[in-house]
Amino acid sequence: MRRKLVAGNWKMHGSRADNGPLIEAILAAPNLETVDCVVCPPFVYLAELARALRGAAVKLGAQNVGAEAQGAYTGEVSAAMLKDVGCQYVIVGHSERRGLYGEDDVLVARKFAAAQSRGLLPILCVGELLAEREAGRTHELVGRQLEAVVALTGIGSFARAVVAYEPVWAIGTGRTASPQQAQDVHAFIRQRLAERDAKIAADLQILYGGSVKAGNARELFLQADVDGGLIGGASLKAEEFLSIVAAARG
Ligand code: PEP
């Protein structure tokens, strides 16, 4: 039985003044340990949040990681640094990184590998554009994004990773994939990986992301292959985020 995982992607939001009350309210909720719960603030707040989360059931994740180990890469943050400040997870290949910053499948795969080399659990985001869905190319695109990582790191690496299916047209738009649309792609991802290793595919947590809210989380999380969510906007409000966590608990 796979555990449910709910991860909050705070994106480029927050401040020290906002983050304190938000994390305090999250930590005050009961039974947090019954799901895997992760918050992913901007880099500059990681160390302070790591202190706030010490000993708590909520884990810390970053939103991005440099592909290189160290050196003259101005502005980059390495996997070792993320580990050093207390991260356990890191999002790689978010569609905003792919779309706005030109990260291609090969770079995303290198970031996935860099994260794992330092013992971080990558949350690998995959997903199609609206035009690609409308052209019936969703499986092709998602399959290509997955294969790029398998090609570099091997199927075994998925035993230490999470996949998030995030249709680009649903992120921050208020337009959510229907539970059936999500389940279809999640089942495809699991099947694609099962062709390589059935056990790894069966154990893999596959999250759905894209306008998940308290009001639609439950139905999405009831789908057989939906193991939780990657939550953007709704993760910035403690009450909303905690309702989503409660929905994951079932
Ligand atoms: C995200 O940032 O990964 C995301 C899914 O955002 P939102 O929930 O706001 O659509």
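No experiment lies behind these values; they were computed from the predicted model shown.

Draft legend 1. Quick look at the site of the ligand. Taken together, 14 residues are adjacent to the ligand, and K11, H94, E166, G172 and S211 come closest. Between an oxygen atom of the ligand and a side-chain N or O atom of K11, the distance comes to 2.8 Å. Taking H94, its side chain carries an N or O atom lying 2.8 Å from an oxygen atom of the ligand. The protein chains hide 95% of the 300 Å² of surface that the ligand would expose on its own. A class-by-class count of the residues in the shell around the ligand yields 4 nonpolar, 8 polar and 2 charged.

Draft legend 2. Quick peek at helix 11 (residues 238-249). The terminal C-alpha atoms of helix 11 lie 16 Å apart, and with 12 residues this matches the ideal 16 Å at 1.5 Å per residue to within 8%. Those residues of helix 11 that sit buried are A238, F241, I244, V245, A247 and A248. Where helix 11 is buried, its residues touch strand 1 (5-9), helix 1 (16-27), strand 2 (36-40), helix 10 (214-221) and strand 8 (228-231). Downstream of helix 11 by one or two residues, G250 has phi in the positive range, about 90°.

Draft legend 3. Seen up close, the sheet that holds strand 2. The sheet built from 8 strands closes into a barrel, its strands ordered 1-2-3-4-5-6-7-8 with parallel pairing. Mean inter-strand twist for the sheet, computed between neighbouring axes without regard to direction, equals 25°. As defined by bridge partners, strand 1 adjoins strand 2 across 5 bridges and the pair is classed as parallel. Paired with N9 across the two strands is C40, which belongs to strand 2. Sheet contacts for helix 11: strand 1, strand 2 and strand 8; angle to strand 1, the most-contacted strand, approximately 160°.

Draft legend 4. Representation of the packing of aromatic side chains. Per the counting criterion, the structure on display carries 2 aromatic pairs. Above the plane of the ring of Y101 lies R97, whose end atom (NZ or CZ) is 4.1 Å from the centre.

Calculation rules
- Residues numbered from 1 in each chain as written.
- Predicted model: local features only at pLDDT ≥ 70, side-chain atom pairs only at ≥ 80, totals over all residues.
- Heavy atoms only, no water.
- Near = heavy atom within 4 Å.
- Polar contact = N/O pair within 3.5 Å; in protein donor to acceptor, adjacent residues only side chain to side chain.
- Areas by Shrake-Rupley, 256 points an atom, 1.4 Å probe, with all protein chains shown as cover.
- Nonpolar A, V, L, I, M, F, W, Y, C, P; charged D, E, K, R; others polar.
- Helix = DSSP H or I, 4+ residues; strand = E, 2+ residues; numbered from the N terminus.
- Expected span 1.5 Å × (residues − 1).
- Buried < 20%, exposed > 50% of the residue type's maximum accessible area, 1.4 Å probe, protein only.
- Contact = heavy atoms within 4.5 Å.
- Pairing = 2+ DSSP bridges.
- Axes fitted to C-alpha atoms, helices over the stretch in contact; angles between N-to-C directions.
- Phe/Tyr/Trp six-rings, centres within 6.5 Å; stacked < 30°, edge-to-face > 60°.
- Lys NZ or Arg CZ within 6 Å of the ring centre and 35° of its normal.

Coordinates in, geometry out; function isn't part of it.
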